[in-house]
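In case you want the letters, here they are:
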Amino acid sequence: LTGLAQVNGRNNLYWCDRLRFDVEYVERISLLSDIKIILHTIKKVVSRDGIFVDTAKGEPNFAAERKAGKV
């Protein structure tokens, strides 16, 4: 439901950055980091930080990034 990518840019990140955050999470997994992510998520949701109504503006196209060799 949440993770490092969601609290560090949401849908404004390139796919390669999202995947990098996933790897970072797995390499540093701990209860303390989970608690920090949850608290940071609550803050982001309440402040509505990084939300795009038009996802075409914020969400990069995965297929296009993959074709360009970015992922």
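Structure's up top.
Here's a quick rundown of the structure. (Residues numbered from 1 in each chain as written. Predicted model: local features only at pLDDT ≥ 70, side-chain atom pairs only at ≥ 80, totals over all residues. Heavy atoms only, no water.)

Re the overall build of the chain
Looking only at helices and strands, the chain has five helices and zero strands in total. When its helices and strands are written in sequence order, the chain yields α-α-α-α-α. Burial analysis of the chain (71 residues in total) assigns 21% to the buried set. (Helix = DSSP H or I, 4+ residues; strand = E, 2+ residues; numbered from the N terminus. Buried < 20%, exposed > 50% of the residue type's maximum accessible area, 1.4 Å probe, protein only.)

Quick look at the packing of aromatic side chains
The tally for this structure, following the rule as stated, stands at zero aromatic pairs. Of note, Arg18 hangs over the ring of Trp15, and the distance from its end group to the ring centre comes to 4.2 Å. The aromatic ring of Phe21 is capped on one face by Arg20, whose charged end is 4.8 Å from the ring centroid. (Phe/Tyr/Trp six-rings, centres within 6.5 Å; stacked < 30°, edge-to-face > 60°. Lys NZ or Arg CZ within 6 Å of the ring centre and 35° of its normal.)

A word on helix H3 (residues 31-47)
Over its 17 residues, H3 extends 24 Å from the first C-alpha to the last, a length consistent with the 24 Å expected when each residue adds 1.5 Å. Among the residues of H3, those classed as buried are Ser33, Ile37, Thr41 and Lys44. What you see down the axis of H3 is that its buried residues fit within an arc of 80°, all on one side. Seen from the buried face of H3, the exposed residues on the opposite side, beyond 90 degrees, are Leu31, Leu32, Lys36, Leu39, Lys43 and Val46. (Expected span 1.5 Å × (residues − 1). Arc of directions from axis to C-beta.)

Points about the pattern of salt bridges
Scanning all chains against the criterion turns up two salt bridges. For Asp17, the salt bridge identified is with Arg20, shortest N-O distance 3.5 Å. Note that Asp17 and Arg20 are positioned in helix H2 (residues 15-27) at a spacing of three residues, about one turn of the helix. Between Glu24 and Arg28 there is a salt bridge, and its shortest N-O distance comes to 3.7 Å. (Salt bridge = Lys/Arg side-chain N within 4 Å of Asp/Glu carboxyl O.)

Digging into a nonpolar patch on the surface
Nonpolar side chains collect at one region of the surface, where Leu31, Ile35, Ile38, Leu39, Ile42 and Val46 lie side by side and expose about 620 Å² of accessible area between them. Structurally, the position occupied by Ile38 is in helix H3. (Patch = residues over 30% accessible without salt bridge, like charges linked within 9 Å, V, L, I, M, F, W, Y side chains within 5 Å. Areas by Shrake-Rupley, 256 points an atom, 1.4 Å probe, with all protein chains shown as cover.)

Re the environment of Phe21
In this fold, Phe21 is placed in helix H2. Measuring from C-alpha to C-alpha, the distance between Phe21 and Gly3 comes to 8.1 Å, with 18 residues separating the pair along the chain. Leaving out residues up to four positions away in the same chain, Phe21 has contacts with Leu4, Ala5, Asn8 and Leu13. (Contact = heavy atoms within 4.5 Å.)

Any functional reading would require information that these geometric values do not contain.
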